Amino acid sequence: MDNQGFLNFVIYKLLSLSIQFIALYLLILLCEWFAEKKGYNVFERSWLITLISLPLLTLIIWTIIIGRFHLF
């Protein structure tokens, strides 16, 4: 791989990870808005955010691992 190919690879990976984490952040903000609308207290809010964001975060980590080791 030449320098240009390596640079394109790094930019692609950086953008891919950035988009995934921006999506996660937006999901957390959406959960926070929903919890505020329903009037949940701090513990119910944290439970709701954990319940919704943890599976998505797990999916992001699996995607990174599967992509890195070419498992599929």
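About the criteria used
Residues numbered from 1 in each chain as written. Predicted model: local features only at pLDDT ≥ 70, side-chain atom pairs only at ≥ 80, totals over all residues. Heavy atoms only, no water. Salt bridge = Lys/Arg side-chain N within 4 Å of Asp/Glu carboxyl O. Helix = DSSP H or I, 4+ residues; strand = E, 2+ residues; numbered from the N terminus. Buried < 20%, exposed > 50% of the residue type's maximum accessible area, 1.4 Å probe, protein only.

Colleague: Can you explain the pattern of salt bridges? Please cite residues and give values.
Modeller: Once their charged atoms are close, side chains differing in charge can pair, the charge on each being opposite to the other. Under the criterion given, the structure shown has two salt bridges. Across the pair Arg 45 and Glu 36 runs a salt bridge whose closest N-O atoms are separated by 2.1 Å. A single salt-bridge network, built from bridges that share partners, covers Glu 32, Glu 36 and Arg 45.

Colleague: Now, about the environment of Leu 29: what can you tell me, with residues and values included?
Modeller: Its location among the elements puts Leu 29 in helix 1 (residues 3-38). Given a relative accessible area of 41%, Leu 29 falls into the partly exposed group. Along the chain, Leu 29 and Ile 49 lie 20 residues apart, while their C-alpha atoms are 8.9 Å from each other.

That's the geometry; what it means functionally is another story.
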